[in-house]
Amino acid sequence: MLRSLKSYKETRTQVLAGITSFFAISYIIIVNPMILKDAGMPFDLSVFATIIISIIGCLIMAIWGQAPIILTPGMGVNAFFTYTLVVSMHFSWQTAIAVSIISSLFYIVIAFSKLSDLLSNAIPQVIKTGITVGIGMFLVELGLEKAGLIVSGHNGSLLALGSLQNAGTLLALFGLIITLVLFLMKIPGNFIIGIFVTSIVGFIFHIKGQTATVQFSKINSLPQIFAQGNFEAIGDIKFWLAVFSMTMILVFESMGLLEGILPNKSKFKRSFQSSAITAFLSGIIGTSPTVAAAESAAGIETGGRTGLVALVASVFFTASLFLVGFLKYVPQVAIAPVIIITGATMMQNLKLINFEDFSDWFPAFLIIVLIPLTGSIATGLCFGFISYPITKSVVHQTQEISVTMWILSLIFLINLICSTFLT
């Protein structure tokens, strides 16, 4: 009897974690197509492609990875896809899809070989901690923006306080208080309860949710973006520079994120492989590459530990194909408190960094501040990896730098140079 009760409670925890993770990342259903629309891709079809690849990715993660990680098109990667490959480099979206497919193939080779273990073991613990904290700070910034508590600055400032006269911002503050109280009291399902209560209050006061709706009948037109990769530019050096940059982003952003948020590090290998396979399939389906969602941390913080979390998210993504219009009842300000609190818990890992050793702290510091300030996990990783061997060499601690770490630093330096000339 006690064993059955314990099993029930554990299953309930994983299901609630899956629901929490889904709602935390549900904005991607609308936001990803909005970004891809700037690349010339049809908005309606991109909505379906985003949902379908998220269903597939979460299923792969649940079955193969067996980890509480959500796989969806990545925000940093979709920006690179649209604004670098298409807008800056003048590729068609079909050519950008081809770049994504080839980059993902390289990703798969790394994920299914000993290279993944070699790369993971070569990363110093302080860098891994910096990645965790940096992603946490990025989530805090994202949550504050969604809440309307911070906005683009004026009079020369980078950011400014949002208007506290805005109904949505006030609702976010209400939701933050409710969710924080539930979280501190360790109420089971605290995040999902917070989202639900805040959404109900928002509905009562006519505060709109996530805006766009899509007609399900248009799913019949999905072949227009399915398997549309154009490889005609494969002989151009510009094409391969793009492949190199995207491969670096996919591999190290996913590796950094998984290292940062996985509660069970032994699941890294299969999670990394699941991410690689899904990234490849995303090009076939017709969307920008998938990565492990940082918002997975919301479900993990709720107690998510198994692949059931990803399975539940997959079920909810499937339901959203038919019920995407109902997302409008969940305002993004209702999701914001979950993202803020999750980010704050990840930032607690700052205590693991030895601040007295500046040669350790400075590379981690660059990662922590550059990820949120540039909106790119890859950029933070780039500067952190490049600076680590420099600081350690200056203080004569080269014994702490492995050969692999030297090579990684050089690769990131090449990536930085290439990215400079690509954009």
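The structure we're discussing is the one just above.
Everything numeric in this text was worked out from a predicted model, so none of it was measured.

Chemist: Explanation requested: the overall build of the chain in the structure shown.
Modeler: When helices and strands are tallied, the chain shows 17 helices and 4 strands. Taken over the C-alpha trace, the chain has a radius of gyration of 21 Å; the compact-globule value for 423 residues is 22 Å, and the two agree within 12%. Overall size of the chain, expressed as C-alpha extent along the three principal axes, is 60 × 60 × 55 Å. Of all 423 residues assigned to the chain, the portion counted as buried reaches 57%. Partitioning the contacts of the chain with sequence separation of at least 6, the portion at a separation of at least 24 is 79%. Just so you have it, the chain exposes about 17,900 Å², and 68% of that area is on carbon and sulfur atoms. Charge separation in the chain, taken as the distance between the mean sites of 20 positive and 16 negative side-chain charges, equals 13 Å.

Chemist: Whenever I open this one, helix H3 (residues 43-65) confuses me. Can you help?
Modeler: A turn of α-helix holds 3.6 residues, and therefore any two residues three or four places apart point the same way. Its 23 residues place the ends of H3 31 Å apart at the C-alpha level, agreeing with the 33 Å of an ideal helix rising 1.5 Å per residue. Burial runs high along H3: 19 of the 23 residues are buried. Positive backbone phi, at 50°, marks Gln66, one or two positions downstream of H3.

Chemist: Looking at this model, I keep getting lost on the packing of helix H7 (residues 125-147) against helix H14 (residues 332-347). Mind explaining?
Modeler: Any two packed helices are characterised by how steeply their axes cross, that is the angle between the axes, and by the distance between the axes. The interhelical angle for the contact between H7 and H14, taken along N-to-C directions, is 155°, at an axis separation of 7 Å. The angle between H7 and H14 places the two elements in the roughly antiparallel class. In this structure, the crossing between H7 and H14 has a hand that is left-handed. Note on element contacts: H14 touches H7 through Gln332, Val333, Ala336, Ile339, Ile340, Thr342, Gly343, Ala344, Met346 and Met347, opposite Thr132, Val133, Ile135, Gly136, Met137, Leu139, Val140, Gly143, Leu144, Lys146 and Ala147.

Chemist: Please clarify how the nonpolar core should be interpreted in this entry.
Modeler: Nonpolar side chains tend toward joint burial in soluble globular proteins. Counting residues in each nonpolar core, the largest one holds 117 residues, and the members touching the most others are Ile69, Leu85, Ile127, Phe272 and Phe317. When residues of this core are assigned to their parent elements, the largest contribution, 13 residues, is made by helix H10 (residues 237-261). Sequence-distant contacts of Leu85, that is, excluding residues within four places in its chain, are made with Phe80, His90, Phe91, Ala96, Val99, Ala242 and Met246. Ranked by size, the runner-up nonpolar core spans 7 residues in total, among them Ala147, Leu149, Ala172 and Val333.

Chemist: I'm lost on the packing of aromatic side chains in this one. Help?
Modeler: For the coordinates displayed, the defined rule picks out 14 aromatic pairs. A ring pair is formed by Phe22 and Phe316, whose centres lie 5.5 Å apart and whose planes are at 45°; its orientation type is tilted. One end of the pair, Phe22, is in helix H1 (residues 2-25); the other, Phe316, is in helix H13 (residues 308-323), and 294 residues separate them in sequence. In this structure Phe22 comes out as buried when scored by relative accessible area, which is 3%. Seen from their ring centres, Phe91 and Phe239 are 6.5 Å apart, and the 70° between their planes marks the pair as edge-to-face. Placement of Phe91 in the loop between helix H4 (75-88) and helix H5 (93-111) and of Phe239 in helix H10 is noted, with a sequence separation of 148 residues between them. Across the pair, Phe239 and Phe91 agree in class, each one buried. Clustering of aromatic rings is evident, with ring pairs tying together Phe355, Phe358, Trp361, Phe362 and Phe365.

Chemist: Would you mind going over unusual backbone geometry with me for this structure?
Modeler: Among all residues except glycine, the phi angle is most often negative; among peptide bonds, the trans geometry is most common. For His90, which is not a glycine, the phi torsion comes out positive at approximately 65°. Tracing the backbone shows His90 in the loop between H4 and H5. Its identity is not glycine, yet His206 carries a phi of approximately 60°, on the positive side. By the element assignment, His206 lies in the loop between helix H9 (190-204) and H10. What makes His206 exposed here is its relative accessible area of 72%.

Chemist: How should I be thinking about a nonpolar patch on the surface in this particular structure?
Modeler: Residues Phe106, Phe231, Ile234, Ile237, Trp240 and Leu241 make up a contiguous nonpolar surface patch of roughly 540 Å² in combined accessible area. Ranked by the residues each element gives to the nonpolar patch, the list is headed by H10, at 3 residues. Residue classification places Phe106 among the partly exposed positions, given a relative accessible area of 41%.

Chemist: Can you walk me through the environment of Phe316 in this structure?
Modeler: On the basis of relative accessible area, Phe316 is assigned to the partly exposed category, the value being 28%. Note: C-alpha distance between Phe316 and Lys128 (188 residues apart in sequence) is 31 Å. Residue contacts for Phe316: discarding those within four places in its chain leaves Ile19, Phe22 and Phe23.

Thresholds applied
Residues numbered from 1 in each chain as written. Predicted model: local features only at pLDDT ≥ 70, side-chain atom pairs only at ≥ 80, totals over all residues. Heavy atoms only, no water. Helix = DSSP H or I, 4+ residues; strand = E, 2+ residues; numbered from the N terminus. Rg over C-alpha atoms; globule rule 2.2 N^0.38 Å. Buried < 20%, exposed > 50% of the residue type's maximum accessible area, 1.4 Å probe, protein only. Contact = heavy atoms within 4.5 Å. Areas by Shrake-Rupley, 256 points an atom, 1.4 Å probe, with all protein chains shown as cover. Lys, Arg positive; Asp, Glu negative; His and termini not counted. Charge placed at Lys NZ, Arg CZ, Asp CG, Glu CD. Expected span 1.5 Å × (residues − 1). Axes fitted to C-alpha atoms, helices over the stretch in contact; angles between N-to-C directions. Parallel < 35°, antiparallel > 145°, perpendicular 65-115°, else oblique. Left-handed = near helix turned anticlockwise from the far one by under 90°. Core = buried A, V, L, I, M, F, W, Y, C linked by side-chain atoms within 4.5 Å. Phe/Tyr/Trp six-rings, centres within 6.5 Å; stacked < 30°, edge-to-face > 60°. Patch = residues over 30% accessible without salt bridge, like charges linked within 9 Å, V, L, I, M, F, W, Y side chains within 5 Å. Salt bridge = Lys/Arg side-chain N within 4 Å of Asp/Glu carboxyl O.

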